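This is what each chain is made of:
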Amino acid sequence: MTMALRVVVLISGRGSNLVALHRSARPQTYEIVGVISSRADAAGLAYARTQGLTTQVIEAGRYAQRAAYEAVLADTIDTYAPDMIALAGFMRILTDGFVERYAGRLINIHPSLLPAFPGLDTHRRALEAGVSEHGATVHYVTPIVDGGPIIDQMRLTVDPHETAEQLAARVLTLEHELYPAALTRLAETHRRTRL
Ligand code: GAR
């Protein structure tokens, strides 16, 4: 019997964190059982298909109301019976009801050292604020956007002469290490609590 944590990954675009998560998945830790994209043209979706992952597209624009969209999203997620739902560049704000339905099972990665710089455009804002350290955070999702309990962070030293694009690229490299490591640790904790 496999002990892998069942993970559904939600994406909207490039999907580089999905790639990192997928490459680090192991039978003893976690398995990506499904990938759901909010966009049909997401590059991450193309990757998932080439890897033989099960994919679904649920485009918010097709639903008149957010509640209808989230109901379909939740029903789809539940068909995978996941232990964990990992947002990876999923660019939709989720309602409190949705977030609470998956309390303790919904995680996200954010490109800053939360609680600093929630929201968008984190790298430019970090440079403008003149911070000496920046990085990435994996956290539980709660109704407070980018405000849930922190699972883990990785940090780097900011070079005040670098551009936001250069900083973003360096942080993204950290993200690709941080997210799989955090999910692997969660899987190990989860396994111990089930033994
Ligand atoms: C990543 O940098 C991730 O941290 C960010 O979107 C990017 C997705 O890239 N997420 C957020 O800003 C969430 N608040 P990817 O599609 O290549 O993984």
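Presented here is a report on the structure given in the accompanying data block. Per chain, the residues get numbers from 1 upward, laid out in the order the sequence is written. Two thresholds apply to this predicted model, a pLDDT of at least 70 for residue-level local features and 80 or more for giving and counting side-chain atom pairs, whereas whole-chain, interface and lining totals are computed over all residues. Hydrogens and waters are ignored; side-chain quantities use all the structure's heavy atoms.

1. As for the overall build of the protein chain
Only DSSP runs of H or I with at least four residues qualify as helices, and only runs of E with at least two residues qualify as strands; both kinds are numbered from the N terminus onward. In terms of helices and strands, the protein chain carries six helices and seven strands. The order of α-helices and β-strands along the protein chain, N terminus first, is β-α-β-α-β-α-β-α-β-α-β-β-α. Only the C-alpha atoms count toward the radius of gyration. The rule for a globule is 2.2 Å times the residue count to the power 0.38. Here the protein chain has a C-alpha radius of gyration of 17 Å; the compact-globule value for 195 residues is 16 Å, and the two agree. Once the C-alpha set of the protein chain is aligned to its principal axes, its extents read approximately 50 × 45 × 35 Å. Put simply, the protein chain has 195 residues, and 46% of those count as buried. Once local pairs closer than 6 in sequence are excluded, the contacts in the protein chain between residues at least 24 apart make up 62%. Each accessible area value is a Shrake-Rupley result obtained with a 1.4 Å probe; residue values ignore everything except the protein chains displayed when judging cover. In the structure as shown, the protein chain presents an accessible area of about 9600 Å², 53% of it carried by carbon and sulfur atoms. Note on charges: Lys and Arg go in the positive column, Asp and Glu in the negative column, and His and the chain ends are not counted at all. Every charge is mapped to an atom, namely NZ of Lys, CZ of Arg, CG of Asp or CD of Glu. The average position of the 19 basic charges and that of the 20 acidic charges among the side chains of the protein chain differ by 5 Å. Throughout this description, buried means an accessible area under 20% of the type-specific maximum (1.4 Å probe, protein chains only), exposed means over 50%, and partly exposed covers the range between. Residues are treated as being in contact if the distance between any of their heavy atoms lies within 4.5 Å.

2. Thoughts on the pattern of salt bridges
Side chains bearing opposite charge may pair, as long as their charged atoms lie close to each other. One side-chain nitrogen of Lys or Arg within 4 Å of one carboxyl oxygen of Asp or Glu is enough to make a salt bridge. All told, the structure shown has eight salt bridges when counted by the stated rule. Between Arg124 and Glu128 there is a salt bridge whose closest N-O contact spans 2.8 Å. Of the two residues, Arg124 and Glu128 are both situated in helix 5 (residues 122-129); the distance of four residues between them amounts to about one turn of the helix. Here Arg124 falls in the partly exposed class, since its relative accessible area comes to 34%. Take Glu128: its relative accessible area is 59%, and that puts it in the exposed class.

3. Quick notes on the sheet that holds strand 3 (residues 55-57)
On the basis of which strands lie adjacent, the open sheet formed by seven strands has the order 3-2-1-4-5-6-7 and mixed pairing. Because the sheet does not close on itself, it has two edges, and the strands there are strand 3 and strand 7 (150-157). With strand direction ignored, the average angle separating the axes of adjacent strands in the sheet is 20°. Pairing geometry for strand 4 (residues 84-87) and strand 5 (residues 106-110), over three bridges, is parallel. The residue bridging Leu87 from the neighbouring strand is Asn108, located in strand 5. In this analysis an axis means a line fitted to C-alpha atoms, helices contributing only their contacting stretch, and an angle means the value between N-to-C directions, from 0 to 180 degrees. Strands in contact with helix 2 (residues 43-50) are strand 1 (5-11), strand 2 (30-37) and strand 3; relative to strand 3, the strand with the most contacts, it is inclined by about 150°. Strands are treated as partners if at least two bridges between them are detected by DSSP.

4. A closer look at the site of the ligand
When at least one non-hydrogen atom of a residue lies within 4 Å of a molecule or strand, that residue is treated as near it. In the vicinity of the ligand there are 13 residues, among which Arg14, Gly15, Ser16, Asn17 and Glu175 approach most closely. Points on a 1 Å grid, built from protein atoms alone, make a cavity when a 1.4 Å probe fits but cannot get out and make a pocket when they are open with protein on both sides within 12 Å along at least 5 of 7 lines; residues with an atom within 4 Å of a point are the lining residues. Any molecule with more than half of its atoms within 2 Å of a cavity's or pocket's grid points is regarded as sitting in that cavity or pocket. Using a 2 Å cut-off from the grid points, one finds that the ligand occupies the largest pocket. If you list the elements that add at least two residues to the shell around the ligand, you get helix 1 (16-24), strand 5 and helix 6 (164-194). A total of three residues in the shell around the ligand trace back to one element, the largest contributor, which is strand 5.

5. Considering the pairing of strand 4
A regular strand carries its side chains on alternate faces of the sheet. Residues of strand 4 alternate between two faces, with Met84 and Ala86 on one and Ile85 and Leu87 on the opposite face, all of them buried. Where strand 1 and strand 4 come together, four bridges link them in parallel fashion. When the sheet's bridge partners are listed, Val7 is paired in strand 4 with Met84.

6. Digging into the packing of helix 1 against helix 6
In a pair of packed helices, the angle between the axes and the distance between the axes together describe the arrangement. Packing of helix 1 against helix 6 brings their axes to within 9 Å, and their N-to-C directions diverge by 45°. In terms of orientation, helix 1 lies oblique with respect to helix 6. The handedness of the crossing between helix 1 and helix 6 is right-handed. On the side of helix 1, the interface is formed by Ser16, Asn17, Ala20, Leu21 and Ser24, while helix 6 contributes Leu172, Glu175, His176, Tyr179, Pro180 and Leu183. Of the residues in the contact of helix 1 with helix 6, the class split is six nonpolar, four polar and one charged. Each angle is binned into one of four classes, with values under 35 degrees roughly parallel, values over 145 roughly antiparallel, values of 65 to 115 roughly perpendicular, and all other values oblique. In this scheme the handedness of a crossing depends on how the near helix is turned from the far one: anticlockwise by less than a right angle means left-handed, clockwise means right-handed. Polarity classes work like this: nonpolar for Ala, Val, Leu, Ile, Met, Phe, Trp, Tyr, Cys and Pro, charged for Asp, Glu, Lys and Arg, and polar for all others, with Gly in that last group.

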